[in-house]
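Examining the three-dimensional arrangement
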Amino acid sequence: MKTLRILPFVIAIVSLLVAVGSAQEKMSKDDWQREVNRYTQMKTDLQAKLADVNRKIESLQADSRRLDADYTTCKNELYAMVGSNAEEAAAFGREIEAAENGAIELLRLSDTELMQRSADVSALAAKAKGFRENKLSLLPEFSDRLDALDQKIASLQRALAGAEKWYTVGTWARDRDCLWNIAKKKDIYNNAWLWPKIWMGNKDKIKNPDLIYPGQKLRVPAGNQLTAEEKAAARRHSSKN
């Protein structure tokens, strides 16, 4: 603010010196005095205008502080209405932000990469569902963000549904279907050793990987290598036999 107050005066003085310097031989004492008076009045007018601007700025800043205080009070009252507070709301917001970032990361993946991280999509969907159980989710501050998150998750789920491969189990007598033989099929993995992927991708249907039944519709997870979890599951099963 001090710089703003001084700057017009400096400009006026410099202008005066230039004017006086360029015309000093032609100006009489009265002319010189009139120029001094004119620039002095200019300085006074500028200072008055600057003071008026400063008063308006201070008034606007005061209004802004009042509005900020009113906004904070309003938010705290809303938080209290759902049995929460500003600290809990901030933590809830950070959790939503982490989920939003996770959804954005998954949306950038190719279909193949997304298939390999289908478990992450399921976990994200479960987390979003959990957010809705928090009363803070009723507030516009969060409900709009959660609606957008749900849309991202729905998009991921549609992408998975379109990219997933499924296999319907045939009979042993006709098709010789077991997880080993299914994994060995050229249009599945073309690698029998990847059978644990099918097992772990269908744990809700396959309790014992040695027992599958005709008509079962099995999801075929993407990938051409076993994950650490799939390898561990295969080792545990082998140790029981």
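First, a word on what this report is: a plain description of the structure on this page. Computed from a prediction, not measured in an experiment: that's the story for all the values here. (Residues numbered from 1 in each chain as written. Predicted model: local features only at pLDDT ≥ 70, side-chain atom pairs only at ≥ 80, totals over all residues. Heavy atoms only, no water.)

1. Comments concerning the overall build of the chain
Selection rule: What counts as a helix is a DSSP run of H or I of at least four residues, what counts as a strand is a run of E of at least two, and both are numbered from the N terminus. With a 1.4 Å probe rolled over the protein chains alone, any residue whose accessible area is under 20% of its type maximum counts as buried; one over 50% counts as exposed, and the rest are partly exposed. We call two residues in contact when some of their heavy atoms are within 4.5 Å.
Looking only at helices and strands, one finds 10 helices and two strands in the chain. Listed N to C, the secondary structure of the chain is α-α-α-α-α-α-β-α-α-α-β-α in terms of helices and strands. Within the chain, the proportion of its 241 residues that are buried is 29%. Pairs at least 24 residues apart make up 62% of the contacts formed inside the chain by residues separated by at least 6 positions.

2. With respect to the pattern of salt bridges
Operational definition: When a carboxyl oxygen of Asp or Glu is within 4 Å of a side-chain nitrogen of Lys or Arg, the pair counts as a salt bridge.
Summed over all chains, the structure comprises 13 salt bridges. Of the charged contacts in the structure, one is a salt bridge between Asp-120 and Arg-117, with a shortest N-O distance of 2.8 Å. Within this structure, Asp-52, Arg-55 and Lys-56 form a network of salt bridges that share partners.

3. Quick notes on the side chain of Lys-197
As a reminder of what qualifies: Identification of polar contacts relies on pairs of N or O atoms within 3.5 Å, with a donor-acceptor requirement for protein atoms, meaning one able to donate a hydrogen and the other able to accept it, and with residues adjacent in sequence counted only if both atoms are side-chain atoms.
Its location among the elements puts Lys-197 in helix α9 (residues 195–201). With relative accessibility at 3%, the residue Lys-197 sits in the buried group. Among the polar contacts listed, one links the side chain of Lys-197 to the backbone oxygen of Gln-225, at a separation of 3.0 Å. Here Lys-197 is in contact with Tyr-189, Pro-221, Ala-222, Gly-223, Gln-225, Leu-226, Thr-227 and Glu-230, once residues within four sequence places are set aside.

4. Observations regarding helix α6 (residues 140–163)
Because each turn of an α-helix spans 3.6 residues, side chains separated by three or four positions in sequence point in the same direction. Using the following cut-off: Here the expected span of a helix is defined as 1.5 Å times the quantity of residues minus one.
Helix length check: α6 (24 residues) gives 35 Å between terminal C-alpha atoms against 34 Å at 1.5 Å per residue, within 8%. Contacts made by the buried residues of α6 are with α2 (29–81), α3 (86–107), α4 (111–116) and α5 (118–132).

5. Side note on the packing of α3 against α5
Stated precisely, the cut-off is as follows: Axis definition: a line fitted to C-alpha atoms, limited for helices to the stretch in contact. Angles are taken between N-to-C directions and run from 0 to 180 degrees. Each angle gets one of four labels, with under 35 degrees taken as roughly parallel, over 145 as roughly antiparallel, 65 to 115 as roughly perpendicular, and the rest as oblique. A crossing counts as left-handed when the near helix is turned anticlockwise from the far one by less than a right angle, and as right-handed when that turn is clockwise. As a working rule, the residues Ala, Val, Leu, Ile, Met, Phe, Trp, Tyr, Cys and Pro are called nonpolar, Asp, Glu, Lys and Arg charged, and the rest polar, with Gly in that last group.
Viewed as axis vectors pointing N to C, α3 and α5 meet at an angle of 150°, and their least axial separation amounts to 11 Å. The pairing of α3 with α5 is recorded here as roughly antiparallel in orientation. At the point where α3 passes α5, the crossing takes the left-handed sense. Side by side, α3 and α5 meet where Phe-92, Glu-95, Ile-96, Ala-99, Gly-102, Ala-103 and Leu-106 of the first sit next to Asp-120, Val-121, Leu-124, Lys-127 and Phe-131 of the second. Partitioning the contact of α3 with α5 into residue classes produces eight nonpolar, one polar and three charged.

6. Let's talk about the packing of α5 against α6
Packing of α5 against α6 brings their axes to within 10 Å, and their N-to-C directions diverge by 155°. Accordingly, the angle class assigned to the pair α5 and α6 is roughly antiparallel. Our pair here, α5 against α6, has a crossing hand that is left-handed. Where α5 approaches α6, its residues Ser-118, Val-121, Leu-124, Ala-125, Ala-128, Phe-131 and Arg-132 are matched on the opposing element by Ser-143, Leu-146, Asp-147, Leu-149, Asp-150, Ile-153, Leu-156, Gln-157 and Leu-160. Classifying every residue of the contact of α5 with α6 gives 10 nonpolar, three polar and three charged.

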